[in-house]
Amino acid sequence: MKKYRVFKWLISFLIVFAEGTFAMDTGLALTREESEFLMQNRSFSVYVERNFAPFSFWDGVQLSGYSVDFANLIAQRLGVSFHYKTEATNWKSAVDKFKEGKIDIIAQMTSSSDRKSYALFSQPYMSHYHSIVVPKEKRAELNSLEKLKGKVVGVINGYAVQSELSEHYPEIGLRLFEDNKQLVEAVMLGRVEASIATHQVVQRSITSNFITDIVSIPILDNIYFPIVQESFGIQKSERLLASAIGKAIDSLSVEQAKLQVKWFGDSVPKYVALTESESNFLNAFGPIKYCIDPKWKPLDFENSLGEPDGLSADVLALFMQRSSIRFRYVPTASWADSVKALKERQCDVLAMAAQAKERDAFMTLSTPYANFPVVVATQIHQPFVSRVDDILDKTFSVVRSYSIVSSLRHKYPNIKLIEVDKALNGLKMVASGEVYGYLDSVASISHVVEEHEMAGIKVSAKMDETFSLGLGVRNDYPDLISIINKHVESIEPTIMQSLISKRVAIRYDISTDYSLIWKVLFVVVVFALFVIFRYRELAKMNKKIQLAYDEMHAAKQELELLVSQDYLTGLFNRKKLDELMARECIESKHYGRPLGVIMIDIDHFKDVNDTYGHSVGDDVIGCIARLLKQHARPSDKVGRWGGEEFMVLCPNTPPDELIAFAEMIRAQVSSYDIPIVGTKTISLGLAVLEPFETVVELHKRADNALYVAKNNGRNRVEFLEPSACLAEQGIEPC
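What counts, and where the lines are drawn
Residues numbered from 1 in each chain as written. Predicted model: local features only at pLDDT ≥ 70, side-chain atom pairs only at ≥ 80, totals over all residues. Heavy atoms only, no water. Helix = DSSP H or I, 4+ residues; strand = E, 2+ residues; numbered from the N terminus. Buried < 20%, exposed > 50% of the residue type's maximum accessible area, 1.4 Å probe, protein only. Areas by Shrake-Rupley, 256 points an atom, 1.4 Å probe, with all protein chains shown as cover. Pairing = 2+ DSSP bridges. Axes fitted to C-alpha atoms, helices over the stretch in contact; angles between N-to-C directions. Parallel < 35°, antiparallel > 145°, perpendicular 65-115°, else oblique. Left-handed = near helix turned anticlockwise from the far one by under 90°. Contact = heavy atoms within 4.5 Å. Nonpolar A, V, L, I, M, F, W, Y, C, P; charged D, E, K, R; others polar. Phe/Tyr/Trp six-rings, centres within 6.5 Å; stacked < 30°, edge-to-face > 60°. Lys NZ or Arg CZ within 6 Å of the ring centre and 35° of its normal. Expected span 1.5 Å × (residues − 1). Right-handed = clockwise from strand over helix to strand, strands pointing away.

Participant: Hey, could you go over the overall build of the protein chain for me, with residue numbers and the actual values?
Facilitator: Secondary structure summary: the protein chain contains 25 helices and 31 strands in total. Residue burial in the protein chain is summarised as follows: out of 734 residues, 48% are buried. Accessible surface, the protein chain as shown: approximately 35500 Å² in total, 53% of it carbon and sulfur.

Participant: Explain the sheet that holds strand S28 (residues 637-642) residue by residue, including any values.
Facilitator: Taken together, 5 strands build an open sheet; the order of strands is S28-S29-S27-S30-S31 and the sheet is mixed. The sheet is open, and its two edges are formed by S28 and strand S31 (717-719), each paired on a single side. On average, each strand axis in the sheet is inclined to that of its neighbour by 20°, with strand direction left out of account. In the sheet, strand S27 (residues 595-602) pairs with strand S29 (residues 645-651) via 7 bridges, with the strands oriented antiparallel.

Participant: Describe in detail the pairing of strand S25 (residues 437-441), supporting the description with residues and values.
Facilitator: The two faces of a sheet get side chains in turn, since along a regular strand they alternate between them. Counting buried residues along S25, 5 of its 5 residues qualify, which places the element largely inside the surrounding structure. As judged from the 4 bridges shared by strand S22 (residues 370-379) and S25, these two strands associate in the antiparallel manner. What sits directly across from Val375, in S25, is Asp440.

Participant: Provide a residue-level description of the packing of helix H22 (residues 614-631) against helix H23 (residues 655-670), including the pertinent values.
Facilitator: At a closest axis distance of 10 Å, the pairing of H22 and H23 adopts a crossing angle of 140°. The angle between H22 and H23 places the two elements in the oblique class. Note on packing geometry: the crossing formed by H22 with H23 is right-handed. Contacts between H22 and H23 involve Ile624, Leu627, Leu628 and His631 on the former and, on the latter, Phe661, Met664, Ile665, Gln668 and Val669. Within the contact of H22 with H23, the residues separate by chemical class into 7 nonpolar, 2 polar and no charged.

Participant: Just give me the short version of the packing of aromatic side chains, but keep the residues and values in it.
Facilitator: This structure, assessed with the given rule, holds 19 aromatic pairs. For the pair Tyr47 and Trp91, a centre-to-centre distance of 6.5 Å together with 55° between the ring planes defines the contact as tilted. Taken as a pair, Tyr47 in strand S1 (residues 43-47) and Trp91 in helix H4 (residues 91-99) lie far apart in primary sequence, 44 residues in all. Tyr47 gets classed as buried once you look at its relative accessible area, which sits at 2%. Looking at Trp91, the relative accessible area reads 4%, which means it is buried. When the ring centre of Phe384 is taken as reference, the NZ or CZ atom of Lys458 above it lies at 4.0 Å. Positioned above the aromatic ring of Phe661, the side-chain terminus of Arg633 is 4.4 Å from the ring centre.

Participant: Can you lay out the environment of Val696 for me, pointing to particular residues and giving the numbers?
Facilitator: Positionally, Val696 belongs in helix H24 (residues 695-711). What makes Val696 exposed here is its relative accessible area of 62%. Linking Val696 and Ala582, residues 114 residues apart in sequence, is a C-alpha distance of 9.3 Å.

Participant: Describe helix H20 (residues 574-591), naming the residues involved and giving the relevant values.
Facilitator: Helix length check: H20, at 18 residues, gives a terminal C-alpha distance of 25 Å against a target of 26 Å (1.5 Å per residue), a fit within 8%. Immediately beyond the C-terminal end of H20, within one or two residues, lies Gly592, with a positive phi of roughly 70°.

Participant: Give me the lowdown on helix H7 (residues 199-208), citing residues and values where you can.
Facilitator: Within H7 the residues assigned to the buried category are His199, Gln200, Val201, Val202 and Ile206. On the buried face of H7, the contacting elements are strand S2 (51-52), strand S8 (126-128), strand S9 (130-135), helix H6 (180-188), strand S12 (194-198) and strand S13 (214-218). Downstream of H7 by one or two residues, Phe210 has phi in the positive range, about 55°.

Participant: Can you tell me about the packing of helix H21 (residues 605-612) against H22, naming the residues and giving the values?
Facilitator: Look at H21 against H22: their axes get within 7 Å of each other, and the N-to-C directions meet at 140°. By the criterion of interaxial angle, the relationship of H21 to H22 is oblique. On H22, the residues touching Phe605, Val608, Asn609 and Tyr612 of H21 are His614, Val616, Gly617, Val620 and Ile621. For the contact of H21 with H22, a count of residues per class yields 6 nonpolar, 3 polar and no charged.

Participant: An account of the sheet that holds S2 is requested, with residue identities and associated values reported.
Facilitator: One open sheet accounts for 3 strands, arranged S2-S3-S4; its pairing is antiparallel. Edge positions in the sheet fall to S2 and strand S4 (63-64), since each of these pairs with one other strand and no more.

Participant: Please give an account of the pairing of strand S30 (residues 682-688) that cites residues and values.
Facilitator: For S30, a buried count of 7 out of 7 residues is recorded, marking the element as mostly surrounded by other parts of the structure. Of the two faces of S30, both are covered, the one formed by Ile682, Leu684, Leu686 and Val688 as well as the one formed by Ser683, Gly685 and Ala687. Bridge count for S27 against S30 is 7 bridges, and the pairing is antiparallel. Bridge pairing in S30 links Ile600 to Leu684. The parallel pair S30 and S31 is bridged by H24, and the resulting crossover is left-handed.

Printed below as a string of structure tokens:
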């Protein structure tokens, strides 16, 4: 009996030891039940779609894609194997086999009340959204679900979109297909007039196959077709497997981010995680009604089709890509009418607004997403002004109800302002001499001047005021304000900078009017031949022409500076850095000289904003920008890449010199005592151009090096060799 007890104790010990070893190997806090289940069940069947690139697809040899890679990571983390069921050739047959118990897991499944009756769901791990696929020539004719009524439309058999269209758009005729590839082919061959498909999948197909005669139009403003969030669907009887998969997903955040970069690159979709109460609020509230300034090009305006356009429209579209939030446009005739509509609750938000004292009673400004300095546009013969006080006796035009109207009148009680309905009217008053200058952002002025060919206008002064632009939100719904702020704060600085550059980076060159010069020369010749005694007057005229030319040249330089310079730091902006990097790469390859690139990021910068506020954060960015400029060599090009990131281009700099230079910069910054916040550190990623490397690949490698520097503890320099060395450091090759 004693031997039996010893033997029983030994068996129990070995079981516990095995469980502990298993949990240690996986790195997960698995329960005893979960560990025993996984030890007894080592293999599971999994279904993923075969024509769903980049999420999952057959590459000719095996299944590949983001979902497959992520599922393999989960299997590795759990110490089990997944074998993929390829005999289920379409979604409907896969779901049927799943219901019959012949498939354990469907790796791409959207949770719904119907599916919860036969499946358990993990937390979502991937997202995408629907689109309308149409021939290119019918883009305007068939760009919404409403316009598809009475048409024959292709959908995937068994997808949720089939039931949603049947319920909410019964007028649309449906033709069923097996996958997204068949949907695209059906549109190309004219079998259907349009298809409802997955935008990312169709867009990849269009790009990779060089398809030019169809387009994919994202559906971003329809409450019945929100962002699709995919999970792992697990057999309802496998509760322990479902809970273990959930824990594995939670443990793979770093690996998941790398996979997203691998499969989606810089276009990794990001999603705003709304709480249950926030989602319930939005569902009850319905589409958020919004107004715009219909005439503030290129930032906020109504285009020729009567649709909202500009930077504000881009921001709202980004919101709708990132969550279930939906907006409905409420047209108005003017900006003043839009402000009035918000005040009277005819709309819920202004898509682009600044805070003003008179709006405090009915509006709360969201976290700003863009800042533009206020400048003065004048006739071209007016001199440049360095001190605003020198022109306060002048008369200015400004758009009615702009936030700067009240702030300027408060700051300068005697200032003379004439309010107009739109920017064009204000600039026309400048051109006619009715007012000295027009006040607005340089973006708006440059756009109107170029669009209407107003060559006699230039920017002559910069005011102290700034348009800090966010969404103007009605202040009687605190939940709405919180939700809007969460969306604004989800936008990465690089994404915001690219949206601004897309709309604002307008090239405006003041060119010489040669026809005018020929006319002047003709007059000079005539007067020279027939009125010799007026020689001195003609000489004075020539002098005036030269002065006018000098002023035009100065105006051109000023506008070029505004377009190429970062307003906060005075360094080159991202647009200019892109131009310089392309030029330096060409010269480097032509002359065989090394070109180094340094990507710099301020460590823990978010803590500065959270602790001291954005104003101090701007001061920190400016201080570090000055340090970089101070210690840069004469040949280096220093710029602000966006947010708290900087770039330094180092021509004719081999790797050893580049590393030494970067270490010097890091040491200088880390030892500098910044007012209020004290010392701050930076992380630096380095790369040197290879002979056959593109500009994009060079930047990607430097950015990967920065990623390594931050992952390895920050306040350090990391240099990445070409792609042969990247795999050793856990980074995907460029």
